[in-house]
Amino acid sequence: MPAIRTTCAYCGVGCGIAAQVTGERSVTIKGDKRHPANHGRLCSKGTYLGETVGLEGRLLHPMIGDRQVSWNAALDEVAGRMRAVIAEHGPEAVAFYVSGQLLTEDYYVANKLAKGFVGTGNIDTNSRLCMASAVAAHNRAFGEDVVPCSYADLDCADLVILVGSNTAWCHPVAWQRIEAAREKCGTKLVVIDPRRTETAAMADLHIPVSPDGDVALFNALLDAVAKRGGLDAQFMRDQCDVPDGFLQALSGDHGIDPELFARLVDLVIEHPRTVTLFSQGANQSVCGTDKGNAIINFHLATGRINRPGAGPFSITGQPNAMGGREVGGLANMLACHLGFSEAEREAVADFWQAPNLCAGPGLKAVDLYRALHAGRIKFLWVMATNPAVSMPDAGFVREALARCPNVIVSDVIADTDTGSFADVRLPALAWGEKDGTVTNSERTISRQRALFAAPGEARADWQIICDVAGRLGYGSDFGFQNPAAVFREYAAMTRLPAQAGKALDLTPWADCSDVDYDTMAPFQWGGRDVFKDGFSTPNGRGRLIAVKPWTGNRHGLVLNTGRYRDQWHTMTRTGLSASLSKHRREPLLEVSPGDAERIGVPDGGFARLRSAQGESIFRVAVSDGQSQGELFAPMHFTDQNAGGGRTGLVVHAATDPVSGQPGFKNSAVELVPY
Ligand code: SF4
């Protein structure tokens, strides 16, 4: 049997996989040499996917409470509960919390049901936690949420700047491309990160920026580059809108060691083909949108965009965060990169023939759980995510879930922290069973393909949503027979952004056959030079945005959070792999030597980490990669897989005022010996 070409389940690199099925539930995984994201490379997480396809711990049957029921009974229950809440409290008492683990087809029908037919804008996604600030920055600068870069730009840049990204651990195949370019072409590498991460330790230059100090740093960098004659005055004049006094308002204050800063400026001046790759360290911040725009400003003002080897490159955490963004998974967007202007609402209502198009944007994730806690939301459907662990201030989120009278959870795992609050649990298909598309960080759409038959009674998420829609009386609008039919409708809908001068345009796929869909090869929408004919703003010009450095309080001790190399999210999949679990067996709190001595917490001992939100016990790892006054903890660990190390309980729920993304980094904390 030939290998099946599919896509990795994990990060936003979106590597292609050649999967050789070797038994009923066994598979050999290799990198797909023809996939443009990875050309055959894989990291440890992708390589060991085969260790995670067993059925241990799977949710295989619909459940109401602890009772196994038929699909008909479960779907009737979900639709009945939703209908009753809408009748008594209105559509805005209904909310959906979905996930970048969903396929685009799942996301599309969830968004269509919520925003077009139920009539609630309250559908948000865990991608809010990952890259909503990059989305907001793109919209401000380009007029559309478009990443104007490709992985191939990493191969031909002469300078790569990583901001808030431990790329070697979190996007390892992108890192392998950077390493290959360094070896082959002498590409220089700068890492801007408060920690000396594994990535920073391998860089030509590490700038240990203070938490949330990135805007000050990029403003100062642009100021210094301008003074050295490094601006592209013609590009700014011909292709950008520049606010009055923009350059004069840039401050030289940056708080970085002057020698390091001077080396950074030299590298930038000497290497005009620059890619700045930014990730959760930039986005997960109370000023994440401004950070994104400070980075984009640098690229627009120096003309380092729209040409090979140059551009601001937001890289997503999840496999399909981009697909979700395209079909309106965020509460503040309609489908297909459209917003809520009257014209855009009319266009969407007309396309869907939607009876109840929501009046405006819904609640973003943190506000959604606040509304749940306050009793304003009375029905919540969670799909493919575990907010009881992954949301900031997770203790509050648990209280909110416990208070909600109608919690529906669609998941592949039977016992998750979030599932323990569910009234109804619906068994969904997992990676290796489901079929559809994902979009990676460079806008490449790839197929995920089924390797195995559906286990137990598990069903595709898009199918479950359509089954509920049918019970709500919308069967003819959700009568899709397969994921290809969903994709065709989505592709046809992209004529709306195309007509509005936006770049997202999949209309050639609107009439594709099922065979075309099944044999789809990876392709990048918009192409590599997506903005060659101008940006997506009404006048076609990019916008520099005046952004001010963060001026919040500096606390005595702050917590930053992040990922381990071989774990993923809340470990419901990677935790199944013995090979992956060898890398880090428990959550470690990294503490600088100076703080460890001052507080009296020895390496390998235990300490209590606490904040205004909550507390958890951690084993301490003294690390000279940590700056004094800053701690680091991983995000993954849960009640199910660790006694302590529950980072989400401690993290504050402050959000970026533009994007609504939680500022997972820079939480004020205390540490005491345990
Ligand atoms: Fe999967 Fe990301 Fe690793 Fe590629 S880099 S194999 S997409 S986890």
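Remember, it's a predicted structure, so these values are computed and weren't measured experimentally.

**Observations concerning the overall build of the chain**
Then, number 1: Along the chain, the regular secondary structure elements total 24 helices and 27 strands.
Then, number 2: The C-alpha atoms of the chain give a radius of gyration of 24 Å, which matches the 26 Å a tight globule of 674 residues would have.
Then, number 3: Each principal axis of the C-alpha atoms in the chain carries an extent, and together these give about 70 × 60 × 55 Å.
Then, number 4: Burial analysis of the chain (674 residues in total) assigns 61% to the buried set.
Then, number 5: A separation threshold of at least 6 residues defines the contact pool for the chain, and within that pool the share at least 24 residues apart is 75%.

**Some remarks on the sheet that holds strand S18 (residues 444–448)**
Then, number 1: On the basis of which strands lie adjacent, the open sheet formed by 3 strands has the order S17-S18-S19 and antiparallel pairing. The open sheet has two edge strands, strand S17 (436–439) and strand S19 (523–524), and neither has a second partner.

**Quick word on the domain arrangement of the chain**
Then, number 1: Per the domain assignment, the segments of the chain are domain 1 (4–52), domain 2 (76–127 + 328–524), domain 3 (131–315) and domain 4 (558–673).
Then, number 2: For domain 2 versus domain 3, the separation of C-alpha centres amounts to 33 Å.
Then, number 3: The partner domain 3 presents 11 residues to the 9 residues of domain 2 that form the contact.
Then, number 4: For the side of domain 2 that touches domain 3, a count of residues per class yields 2 nonpolar, 4 polar and 3 charged.

**Quick notes on the UniProt feature "domain: 4Fe-4S Mo/W bis-MGD-type" (unreviewed entry) in the chain**
Then, number 1: Within the UniProt annotation, "domain: 4Fe-4S Mo/W bis-MGD-type" (unreviewed entry) is assigned to residues 1–57.
Then, number 2: Regarding residues 1–57, the helix share stands at 7% and the strand share at 32%, and the terminal C-alpha atoms are separated by 29 Å.

**Structural notes on the nonpolar core**
Then, number 1: Ranked by size, the top nonpolar core spans 210 residues in total, and within it Ala110, Val160 and Leu380 carry the most contacts.
Then, number 2: For this core, the element with the highest residue contribution is helix H4 (residues 128–142), accounting for 10 residues.
Then, number 3: What Leu380 contacts, discounting residues up to four positions off in sequence, is Ala95, Tyr97, Leu372, Cys404, Asn406 and Val407.

**Focus: the pairing of strand S15 (residues 407–411)**
Then, number 1: Counting buried residues along S15, 5 of its 5 residues qualify, which places the element largely inside the surrounding structure.
Then, number 2: Burial along S15 is two-sided: the residues Val407, Val409 and Asp411 and Ile408 and Ser410 are all buried.
Then, number 3: As paired strands, strand S14 (residues 379–383) and S15 are joined by 4 bridges and run parallel to one another. Its bridge partner lying in S15, Trp381 is registered against Ile408.

**Some thoughts on the site of the ligand**
Then, number 1: Of all residues adjacent to the ligand, which total 14 residues, the nearest are Cys8, Cys11, Cys15, Cys43 and Gly46.
Then, number 2: Listing elements by their share of the shell around the ligand, those giving two or more residues are helix H1 (44–47) and helix H7 (172–185).
Then, number 3: Grouping the constituent residues of the shell around the ligand by class yields 9 nonpolar, 4 polar and 1 charged.
Then, number 4: Each of two domains, domain 1 (4–52) and domain 3 (131–315), supplies a minimum of three residues to the shell around the ligand.

**Considerations on helix H18 (residues 394–403)**
Then, number 1: Among the residues making up H18, those that are buried are Ala394, Val397, Arg398, Ala400 and Leu401. Taken around the axis of H18, the buried residues stretch over an arc of 160°, which confines them to a single face.
Then, number 2: In the core, the buried residues of H18 are packed alongside helix H16 (365–373), helix H17 (387–390) and S15.

**Some details on unusual backbone geometry**
Then, number 1: Although it is not a glycine, Asp212 sits at a positive phi angle of roughly 65°.
Then, number 2: Looking at the element boundaries, Asp212 is found in the loop between strand S10 (205–207) and helix H8 (214–227).
Then, number 3: A count of 24 C-beta atoms within 10 Å places Asp212 in the buried class.

**What to know about the sheet that holds S14**
Then, number 1: Strand order in the open sheet formed by 7 strands is S5-S4-S16-S15-S14-S6-S7, and the pairing between neighbours is mixed. Edge positions in the open sheet fall to strand S5 (67–68) and strand S7 (123–125), since each of these has one partner strand only.
Then, number 2: Each of strand S6 (94–98), S7 and S14 is contacted by helix H3 (residues 104–118), which is oriented at about 165° to S6, the strand it contacts most.

**Topic: the environment of Glu399**
Then, number 1: Turning to its location among the elements, Glu399 is positioned in helix H18.
Then, number 2: Look at Glu399 and you get partly exposed, because 14 C-beta atoms sit within 10 Å.
Then, number 3: For the pair Glu399 and Phe421, spaced 22 residues apart in the sequence, the C-alpha separation amounts to 9.7 Å.

**Notes on the packing of H3 against helix H20 (residues 483–493)**
Any two packed helices are characterised by the angle at which their axes cross and by the distance between the axes.
Then, number 1: In contact at an axis separation of 9 Å, H3 and H20 are set at 65° when each is read in the N-to-C sense. In this structure, H3 meets H20 at a crossing whose hand is left-handed. Side by side, H3 and H20 meet where Thr104, Glu105, Tyr108 and Val109 of the first sit next to Pro483, Val486, Phe487 and Tyr490 of the second.
Then, number 2: A breakdown of the residues in the contact of H3 with H20 according to their chemical character gives 6 nonpolar, 1 polar and 1 charged.

**With respect to the pairing of strand S8 (residues 159–163)**
Remember that side chains alternate between the two faces of the sheet whenever the strand is regular.
Then, number 1: In terms of residue burial, S8 counts as a mostly covered element, since 5 of its 5 residues are buried.
Then, number 2: Pairing of S8 with strand S9 (residues 188–192) involves 5 bridges; the strand directions are parallel. For Val160, the partnering residue across the bridge sits in S9 and is Leu189.
Then, number 3: The sheet contact formed by S8 and strand S12 (residues 274–278) spans 5 bridges and is parallel. Residue pairing for S12: Leu159 is matched across the bridge by Thr274.

**Quick notes on helix H19 (residues 461–474)**
Then, number 1: Under the 1.5 Å per step criterion, the end-to-end length of H19 is only 17 Å for 14 residues, more than 12% shorter than the ideal 20 Å.
Then, number 2: Burial analysis of H19 places 10 of its 14 residues in the buried class, the great majority of the element.
Then, number 3: For H19, every residue scored as buried is listed here: Asp461, Trp462, Gln463, Ile464, Ile465, Cys466, Asp467, Val468, Ala469 and Tyr474.
Then, number 4: Its buried side turned inward, H19 meets helix H2 (71–89), H3, S14, S15, strand S16 (424–427) and H20.

**Things to note about the packing of H2 against H19**
Then, number 1: Closest axis-to-axis distance for the H2/H19 pair is 9 Å, and the angle between their directions is 55°. In this view, H2 runs oblique relative to H19, as classed from their interaxial angle. Judged by the sense of rotation from one axis to the other, the crossing of H2 with H19 is right-handed. Residues Leu75, Asp76, Val78, Ala79, Met82 and Arg83 of H2 pack against Asp467, Val468, Arg471 and Leu472 of H19.
Then, number 2: Along the lines of polarity and charge, the residues of the contact of H2 with H19 split into 6 nonpolar, no polar and 4 charged.

Rules behind the numbers
Residues numbered from 1 in each chain as written. Predicted model: local features only at pLDDT ≥ 70, side-chain atom pairs only at ≥ 80, totals over all residues. Helix = DSSP H or I, 4+ residues; strand = E, 2+ residues; numbered from the N terminus. Rg over C-alpha atoms; globule rule 2.2 N^0.38 Å. Buried ≥ 20, exposed ≤ 12 C-beta atoms within 10 Å, placed from the backbone. Contact = placed C-beta atoms within 7 Å. Pairing = 2+ DSSP bridges. Domains from an automatic or database assignment. Nonpolar A, V, L, I, M, F, W, Y, C, P; charged D, E, K, R; others polar. UniProt positions renumbered as here; feature names shortened; annotations may be inferred. Core = buried A, V, L, I, M, F, W, Y, C linked by C-beta atoms within 7 Å. Near = placed C-beta within 6 Å. Arc of directions from axis to C-beta. Axes fitted to C-alpha atoms, helices over the stretch in contact; angles between N-to-C directions. Left-handed = near helix turned anticlockwise from the far one by under 90°. Expected span 1.5 Å × (residues − 1). Parallel < 35°, antiparallel > 145°, perpendicular 65-115°, else oblique.

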